[in-house]
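# Coordinate inspection notes
These are the residues of each chain, in order.
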Amino acid sequence: MLEIKNLQVSINNKQIIKGLNLTIKPGELHAVMGPNGSGKSTLANVLSGKNGYEISGELNFNGKSLKKIPTEKRAQRGIFLAFQYPLEIPGVNTNNFLKTSLNSIRKAKGEKEIDSLSFLKLVKEKTSELGIDEKILSRQLNVGFSGGEKKKNEILQMKILDPNLSILDETDSGLDIDALRIIAKGVNSSRNKKKSFLVITHYQRLLDYIKPDFVHVLSDGKIVKTGCSELAEEVEKTGYKKLN
Amino acid sequence: MHDFEINFEKINNKKITLKEKEFRNKNLKLFNSLGFPNKRLENWKFTDLKEIIYRNFDQLDVKVAVPNINKINLLKDFDHNYIFLVNGNLHTSNFNHEEKSKIKINSYDNDFNYPTSTNSLICLNHAFAENGYSLEIEKNYKFKKALIIYNFFTKEVKNKILNIKNKIKINENSEIHFVEYTINESKFINNVYEHIVLEKNSKLKSLYIQSNKNEGYFYKFLQNKLHYNSDYLGLIFSSGLKFNKMDIECDLIEKNCKCNILSALFLDKNEHQEIKTRINHLAPNCKSFQNVKKVLCSKSKGVYQGKIYVKDNAQKTDAYQQSKALLLSENAEFDSKPELEIYADDVKCSHGSTSGSVDEDSLYYLMTRGLNRDDAIKLLVKGFLEDVVEFVKSSSIKKFVNSKLEDRINEH
């Protein structure tokens, strides 16, 4: 599904990612851990197509290079990024936004636009599955949402848009244990043979609830160690420094 | 056009009383000596109307024929009463949803007791105004449905300058909600002087909107007088006009008045829209709130000049004004001049003004959800104007306003 070879990324002439290799197959869940400033968020941004980065190396999604594909096309092809800091968009109703978003993805896939009734049904189903209060959807997008509500809203968007590759950028940070469980539940119930996940986190805590197939440790723009879920426990005990 | 001076014959030919003749001649003389306003005047600091008019008109005539209109097209979006104006002249009215005895509607009955003005457009209006309407609501009457004032201009007004006077009086404990809806297909100048009186405990909600993009150059001087505990709301929406200046003066002359002026505009091409306000807090315990939002594309220009004046006895005044502009083009211009003039010591007054382009991070966020850049910008633009649209409480009218705004945004 995702194939990254010798990825080098700079911003304002400062190199952040220095030759990163990563392959994610359909159905796999990869966790990327790493200290502050190791390039985790940059990796998420580059995958979603954010402007402003100088990129070299290979970046393939479903066999095709992503490099010249703009952000919205990547989303339409099934890449989803759950933001570390979801933005507040004043005046934009969350429900309307979600419907517009879902329909632009459906349209790009050549599918029919969803009507209001089916959309409402879908939203009801996903909110109750996640145990999210439906009321937040009638509010302005993320405006005045608590930290937890914002993150839950990201996972709800993921559930509704139903992407093939979901990238979770520190979705667990700043969450209480109940919210963390909701997030984990959202991910776990979406896992199947076709869906892949890239879960970026600081801590092992989230990985107690979401079982990764692989754990990578990112340090100074490179993957320095790859292992299975035990690696996360090791990191938790010894810290990142020992691994370098 | 290089010079604009009106011949006195235009007035003296008419069979009118001596008083009227003197009033009109005096004002014409004033206009001819002042000319159209330009940037040298503080009230026109950002707008050279003289230059705009000379650039866009080769000739201007003050005589306007009022053609016969047999069929009128009404909006079907919501139930309403209506006044239908043709070139400013009262054509028909219909108050089928209301108790007719409570409403007086007439062609404007000119009076000639206005004080001398230094505003040349008012002088011009005084000199030539003939058309217009006068609306009065009796005491203790609340309108059941909204009133639409259809402001229809025919092709006969091309290259004319219309001078129109309107008067609205809401008596004690009465309430009305009107929508002034302009339908225009001509290139002309519309110079309006409107006088609104809100008596004790009365309430007025007014909404201004245009049906389509058009070549109209509109100036409206709006003089509002608010009496005890009255409540005025003015909502100014986009706006297909080539040029529009709303010059609003509100006198809060008795205690406990409320005055809200809000605007949501989407301007494109070389449209020029200006809102100038002067809120005079002349009595204690009044509130005024202004929120002007403009989205500016291509070479459009938006201006907001807002002044809050608080007289020494107007203690406990609560006054706020803000203007925000969202610039979608490097060639668009936004000028804002907030002013506070306060002579009382126990008041709460503040202002704020911001302008900027679309937030790239917000755009990126929306685009990661599959929206293309244009759709994401449209969503942000609509969101930006939303807090003003929110003031339209009726859901059917809100839907109507939103669809008009969307038309403008989608045309861009």
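See above for the structure.
Residues numbered from 1 in each chain as written. Chains lettered and ligands numbered in written order. Predicted model: local features only at pLDDT ≥ 70, side-chain atom pairs only at ≥ 80, totals over all residues. Heavy atoms only, no water.

## Considering the overall build of chain A
The line we're drawing: We count a stretch as a helix when DSSP gives it H or I for four or more residues in a row; a strand needs E for two or more, and each element gets its number in order from the N terminus. The reference for a compact globule is 2.2 Å times residues^0.38; the radius of gyration itself is calculated from the C-alpha atoms. Relative accessibility decides the category of a residue: with a 1.4 Å probe and only protein chains considered, values under 20% of the type maximum give buried, values over 50% give exposed, and everything between is partly exposed. By definition in these notes, contact holds between two residues if any of their heavy atoms fall within 4.5 Å. Methods summary: accessible areas were calculated by the Shrake-Rupley approach with a probe of 1.4 Å, and residue burial reflects only the protein chains presented.
Counting its secondary structure elements, chain A contains seven helices and ten strands. The C-alpha atoms of chain A give 18 Å as radius of gyration, which agrees with the globular expectation for 244 residues (18 Å, within 12%). With the C-alpha coordinates aligned to their principal axes, the bounding extent of chain A is approximately 55 × 40 × 35 Å. For chain A, with 244 residues in total, the buried portion stands at 53%. Pairs at least 24 residues apart make up 68% of the contacts formed inside chain A by residues separated by at least 6 positions. Total accessible area computed for chain A in this model is approximately 11,300 Å², and 48% of it derives from carbon and sulfur atoms.

## Topic: the interface of chain A and chain B
As a measure of interface size, the accessible area lost when the parts come together is often cited. Short version of the rule: Accessible area that two parts lose when put together, evaluated with a 1.4 Å probe and summed over both, is termed the buried area. We define a salt bridge as a contact between a side-chain nitrogen of Lys or Arg and a carboxyl oxygen of Asp or Glu at a distance within 4 Å. Any N or O atom pair separated by 3.5 Å or less is treated as a polar contact, with the protein-specific requirement of one donor-capable and one acceptor-capable atom, and with residues adjacent in sequence counted only for side-chain atom pairs.
Counting residues at the interface gives 29 residues for chain A and 18 residues for chain B. For the pair chain A and chain B, the two sides together bury roughly 1,800 Å², of which 66% comes from carbon and sulfur. The shortest N-O distance in the salt bridge between K50(A) and D361(B) comes to 3.7 Å. There are eleven residue pairs in polar contact (both at pLDDT 80 or more) connecting chain A and chain B.

## Here we look at helix α3 (residues 94-108) of chain A
Cut-off, in case you're wondering: Each helix should span, by expectation, one fewer than its residue count multiplied by 1.5 Å.
Taking 1.5 Å per residue, 15 residues should reach 21 Å; α3(A) reaches 21 Å between its end C-alpha atoms and fits that length. Residues T94(A), F97(A), L98(A), S101(A), L102(A), N103(A), S104(A) and I105(A) constitute the buried set of α3(A). Turning to α3(A), the residues buried within the fold contact α2 (71-76), α4 (116-130) and α5 (147-161) of chain A together with α5 (360-367) and α6 (373-389) of chain B. A distance of 3.0 Å separates the backbone nitrogen of N95(A) from a side-chain oxygen at the start of α3(A), and that oxygen is part of N93(A). Once α3(A) finishes, G110(A) follows within two positions and takes phi at roughly 80°, a positive value.

## Here we look at α4(A)
All names here are of chain A. Put simply, the rule is: This arc describes the spread of directions from the helix axis toward the C-beta atoms.
For α4, which comprises 15 residues, the first-to-last C-alpha distance of 21 Å matches the rise-based estimate of 21 Å (1.5 Å per residue) to within 8%. Residues F119, L122, V123, K126, T127 and L130 constitute the buried set of α4. Looking straight down α4, one finds its buried side chains confined to an arc of 125°; they lie on one side. Exposed and facing more than 90 degrees away from the buried side of α4 are L117, L120, K121 and S128. The inward-facing, buried residues of α4 abut α3, α5 and α6 (177-188).

## Remarks on the side chain of H195(B)
Mapped onto the elements, H195(B) comes out in strand β8 (residues 188-198). The contact partners of H195(B), leaving out residues within four places of it in the chain, are N166(B), K167(B), I168(B), Q223(B) and K225(B).

## A closer look at the packing of helix α2 (residues 18-34) of chain B against helix α4 (residues 120-128) of chain B
All names here are of chain B. The criterion, for reference: Only the stretch in contact is used when a helix axis is fitted, and all axes are lines through C-alpha atoms; the angle between N-to-C directions ranges over 0 to 180 degrees. If you view the pair so one helix is near and one far, a crossing is left-handed when the near helix is turned anticlockwise from the far one by less than a right angle, and right-handed when it is turned clockwise. Classes in brief: Ala, Val, Leu, Ile, Met, Phe, Trp, Tyr, Cys and Pro nonpolar; Asp, Glu, Lys and Arg charged; the others, Gly included, polar.
Interhelical geometry of α2 versus α4 gives an angle of 145° and a closest axis separation of 7 Å. The hand of the α2/α4 crossing is left-handed. Where α2 abuts α4, its residues F23, R24, N27, L28, L30, F31 and L34 lie against S120, C123, L124, H126, A127 and F128. Grouping the amino acids of the contact of α2 with α4 by side-chain chemistry returns nine nonpolar, three polar and one charged.

## Description of the pairing of strand β13 (residues 258-267) of chain B
All names here are of chain B. Note the cut-off: Any two strands with at least two DSSP bridges between them are considered paired.
The element β13 is largely enclosed, with a buried count of nine among its ten residues. Here seven bridges tie strand β11 (residues 231-237) to β13, and the two strands are oriented parallel to one another. The partner of G234 across the bridge, within β13, is I261.

## Quick notes on a negative patch on the surface
Residues and elements named next belong to chain A. Going by this rule: Residues with no salt bridge and a relative accessible area higher than 30% make up the patches, which join like charges within 9 Å and nonpolar side chains (Val, Leu, Ile, Met, Phe, Trp, Tyr) within 5 Å. When charges are tallied, Lys and Arg are placed among the positive residues and Asp and Glu among the negative ones, while His and the ends of the chain are skipped. Note on charges: their place is set at NZ of Lys, CZ of Arg, CG of Asp or CD of Glu.
A cluster of like negative charges, contributed by D208, E230, E233 and E236, occupies part of the molecular surface. Residue placement: D208 occurs in the loop between β8 (196-201) and β9 (214-219). Residue class for D208 comes out exposed when judged on its relative accessible area of 51%.

## Comments concerning the nonpolar core
The cut-off we apply is this: Put simply, a nonpolar core is a bunch of buried Ala, Val, Leu, Ile, Met, Phe, Trp, Tyr and Cys residues held in one set by side-chain atoms that sit within 4.5 Å of each other.
One finds I4(A), I167(A), L207(B) and F237(B) to be the most contacted residues of the largest nonpolar core, which totals 110 residues. Broken down by element, this core gets its largest block of residues, eight residues, from α6(B). When sequence neighbours within four positions are dropped, the list of residues in contact with I167(A) reads A44(A), L47(A), I79(A), F80(A), L81(A), A82(A), L198(A) and I200(A). I170(B), L265(B), C286(B) and A325(B) belong to the second largest nonpolar core, which has 44 residues in total.

## A few points about the sheet that holds strand β10 (residues 222-227) of chain A
Residue and element names in this part refer to chain A. Taken in spatial order, the six strands make up an open sheet running β6-β7-β8-β3-β9-β10, and their pairing is mixed. On the outer flanks of this sheet lie β6 (79-82) and β10, each paired with one strand and no other. This sheet shows a mean twist of 20° between the axes of neighbouring strands, independent of strand direction. Summarising the sheet, strand β3 (residues 29-33) and β8 pair through five bridges and their orientation is parallel. The residue of β8 that forms the bridge with V32 is I200. The sheet strands contacting α5 are β6, β7 (165-169) and β8, and the helix crosses β6 at an angle near 165°.

## Topic: the sheet that holds strand β4 (residues 54-61) of chain A
All names here are of chain A. Strand order across the open sheet formed by four strands is β2-β1-β4-β5, with antiparallel pairing between neighbours. The sheet terminates laterally at β2 (14-24) and β5 (64-65), the two strands that pair on one side only. Pairing geometry for β4 and β5, over two bridges, is antiparallel. Along β5, the bridge assignment pairs F61 with K64. This element, helix α1 (residues 40-48), spans β1 (2-11), β2 and β4 of the sheet and lies at about 110° to β1.

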